[in-house]
Structures are given as C-alpha cells and as structure tokens.
Amino acid sequence: MKVLLFNGSPHKDGCTFTALEEVSKTLNEEGIETEIYNLGPKAIAPCKACRACAKLGKCVIDDEVNAFVEKAKDFDAFVFGSPVYYAAAAGSAVSFLNRAFFSAFMSGKGEIFLHKPGAAVASARRAGTTATLDQLNKYFTITQMPIISGRYWNMVHGQTPDDVRKDIEGMQNMRILARNMAYYLKCIEAGKKAGVELPKQEEVVFTNFIR
C-alpha cells in the first residue's frame, strides 16, 4: 500500500512539507509506503476549460500535471497539503489540482482517484486554515473519495518549519491522521481479500438549473 503526499507549497522544505513529513513518517511506521511530491515554485497554467482532455486522454497542456496523473495510478491514497494564501489554497496548487482531477475524469481515468482515501492538510501562520481545508476537501467529495480526518482539523501553525515543529497539537494531529489513513487502507485491503466489491457505478447525469 502506497500513499502519495502532495506538497502544494513553493517551498520544498517549508511549513507544509514539515507537516506532510510527519504524516509520512507515521505512515511508514504503520507499514505504508509513501512519497512526497513537491510542486515547488513552478508556474502552473490554469485549466482552459477546452475539454480537449476528453479526446486526448490527458490535459492539452502537457506539463507535470499529466506526469502526476500517471504517477497517481500506482498509489492507494492521497494527502494534499497547501499553505494558506488569503484564506485559500495556494494558486499554483489549485491550478494543478483542477487540471489533474478534471483531466482524469474527462479522459476516462477517474478510477485513478475513485474510492481512494484522501486527506487535506493546511499550513498557516495564523488563520484561513479551515477555509483552505474546505476547499481541498471538495476534490475528494466530487470524486467519491473517503475523507480521512485526525482528531481535529488537519492544520499546523507557524511561520517557519521550526515553528511548526513547536505546534505540538498540530503535529500530534498529523500522526493521528496518518494512523487513521493506515487503518482505512488496511480495512480496504482486508475487504478486497474478503470479496467485498466496490459500489456499483451509474452513468453520470449532468443537469443545470435551466433544464
């Protein structure tokens, strides 16, 4: 079992990474393999809503987003972390995830994320974390992904990595989150061995408020 942790911060070893590293270490202690994917300071183009991904089988903007979607096939669960920018996730992380999830769905690769556990982690100096977590959790709820929680909202506070390490409650919650993730992954694995099938999928129906 493998978990992919997405660091949506431009800082490779910053506050968000510090939180994700704690999650990763605890998952490893639980026998779960992990990999941290660092977005870094790259300029990520936003989704153009061209829907070309439905025909191409990938996003028309051929950059690291497509590589990430391919990588995601080999993982059983995900943790998406982001620093707080104006009470929201980092813009580059949002552009990245918008394209990753939309292109996977439109290209018929929705099973890459479907029914796989997901968790969101937010890092802030002070506030805006709950709004950011709500934003990130929506990627899971629209993709039928079970949301994994800790014993509190999955957030850490501090202006530097050392500050985050001093956030004793926040760091403890990262470990609790990791153990909960490991538990669900082991339950899913046991269910597969017992012959429990995934929920039946219906053809998606699209409507709007006009018709």
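It should be emphasised that the depicted structure is a prediction, and the values quoted were computed from it without experimental measurement.

A. View of the sheet that holds strand 2 (residues 33-38). Taken together, 5 strands build an open sheet; the order of strands is 2-1-3-4-5 and the sheet is parallel. For this open sheet the edge positions go to strand 2 and strand 5 (155-157), each flanked by a neighbour on one side alone. On average, each strand axis in the sheet is tilted by 15° relative to the strand beside it, whichever way the strands run. Where strand 4 (residues 118-124) and strand 5 come together, 3 bridges link them in parallel fashion. Across the sheet, Ala-122 pairs through a bridge with Met-155, a residue of strand 5. Lying over the sheet, helix 1 (residues 15-29) contacts strand 1 (2-7), strand 2, strand 3 (77-83), strand 4 and strand 5, oriented at roughly 165° with respect to strand 2.

B. View of helix 1. Between its terminal C-alpha atoms helix 1 stretches 22 Å, which fits the 21 Å expected from 15 residues at 1.5 Å a residue. Counted residue by residue, helix 1 has 11 buried out of 15 residues, so it is predominantly covered. Listing the buried residues of helix 1 in full gives Cys-15, Thr-16, Phe-17, Thr-18, Ala-19, Leu-20, Glu-22, Val-23, Ser-24, Thr-26 and Leu-27. Just downstream of helix 1, Gly-31 is the residue with a positive phi angle, here 85°.

C. Expanded view of a nonpolar patch on the surface. A contiguous nonpolar patch, built from Phe-105, Val-204 and Phe-206 and spanning about 330 Å² of accessible area, is present on the exposed surface. Tracing the backbone shows Phe-206 in the segment after helix 7 (168-193).

D. Quick peek at the layout of surface pockets. In this structure, the largest pocket spans a volume of roughly 570 Å³. What lines the largest pocket is a set of 21 residues, among which Phe-101, Phe-105, Ile-142, Thr-143 and Val-204 lie closest to the centre. Only helix 4 (91-106) and helix 5 (129-141) provide two or more residues apiece to the lining of the largest pocket. Of the residues forming the lining of the largest pocket, the biggest block, 7 residues, is contributed by helix 4. Among the residues making up the lining of the largest pocket, the classes are represented as 12 nonpolar, 5 polar and 4 charged.

E. Summary view of the packing of helix 1 against helix 7. Where helix 1 meets helix 7, the closest approach of the two axes is 8 Å, and the angle between their N-to-C directions is 45°. Between helix 1 and helix 7, the angle falls in the class oblique. Relative to helix 7, helix 1 is oriented so that their crossing is right-handed. Residues Thr-18, Ala-19, Glu-22, Val-23, Thr-26 and Leu-27 of helix 1 touch helix 7, and the partners they reach there are Met-171, Met-174, Arg-175, Leu-177, Ala-178, Arg-179, Met-181 and Ala-182. When its residues are assigned to classes, the contact of helix 1 with helix 7 shows 9 nonpolar, 2 polar and 3 charged.

F. Broad picture of the pattern of salt bridges. A complete count under the given rule lists 9 salt bridges for this structure. One salt bridge in this structure joins Lys-186 and Glu-30, with 3.3 Å as the shortest N-O distance. In this pair, Lys-186 is assigned in helix 7 and Glu-30 in the loop between helix 1 and strand 2, connecting sequence segments 156 residues apart. Between Lys-138 and Asp-134 there is a salt bridge, with the nearest N and O atoms lying 2.6 Å from each other. Of this pair, Lys-138 and Asp-134 both sit in helix 5, 4 residues apart, which is roughly one turn of that helix. Judged by its relative accessible area of 46%, Lys-138 is partly exposed. Residue classification places Asp-134 among the partly exposed positions, given a relative accessible area of 44%.

G. Quick peek at the packing of aromatic side chains. Overall, the coordinates contain 16 aromatic pairs when judged by the stated rule. Note on Tyr-37 and Phe-96: the rings are 5.9 Å apart at their centroids and 50° apart in plane angle, and the pair reads as tilted. Of the two residues, Tyr-37 sits in strand 2 while Phe-96 sits in helix 4, which places them 59 residues apart along the sequence. Just as Tyr-37 is buried, Phe-96 falls in that class too. On the numbers, 5.2 Å between centres and 55° between planes, the contact of Phe-78 with Phe-113 is tilted. Taken together, the positions of Phe-78 in strand 3 and Phe-113 in the loop between helix 4 and strand 4 put the pair 35 residues apart, joining distant regions of the chain. Three or more aromatic residues link up through ring pairs in this structure, and these residues are Phe-6, Tyr-37, Phe-68, Phe-78, Phe-80, Phe-96, Phe-101, Phe-113, Tyr-139 and Phe-140.

What counts as what
- Residues numbered from 1 in each chain as written.
- Predicted model: local features only at pLDDT ≥ 70, side-chain atom pairs only at ≥ 80, totals over all residues.
- Heavy atoms only, no water.
- Pairing = 2+ DSSP bridges.
- Helix = DSSP H or I, 4+ residues; strand = E, 2+ residues; numbered from the N terminus.
- Axes fitted to C-alpha atoms, helices over the stretch in contact; angles between N-to-C directions.
- Contact = heavy atoms within 4.5 Å.
- Expected span 1.5 Å × (residues − 1).
- Buried < 20%, exposed > 50% of the residue type's maximum accessible area, 1.4 Å probe, protein only.
- Patch = residues over 30% accessible without salt bridge, like charges linked within 9 Å, V, L, I, M, F, W, Y side chains within 5 Å.
- Areas by Shrake-Rupley, 256 points an atom, 1.4 Å probe, with all protein chains shown as cover.
- Salt bridge = Lys/Arg side-chain N within 4 Å of Asp/Glu carboxyl O.
- 1 Å grid on protein atoms, 1.4 Å probe; cavity = no way out; pocket = protein on both sides within 12 Å on 5 of 7 lines; lining within 4 Å.
- Points joined across faces, edges and corners; volume = space filled by probe spheres on them.
- Nonpolar A, V, L, I, M, F, W, Y, C, P; charged D, E, K, R; others polar.
- Parallel < 35°, antiparallel > 145°, perpendicular 65-115°, else oblique.
- Left-handed = near helix turned anticlockwise from the far one by under 90°.
- Phe/Tyr/Trp six-rings, centres within 6.5 Å; stacked < 30°, edge-to-face > 60°.

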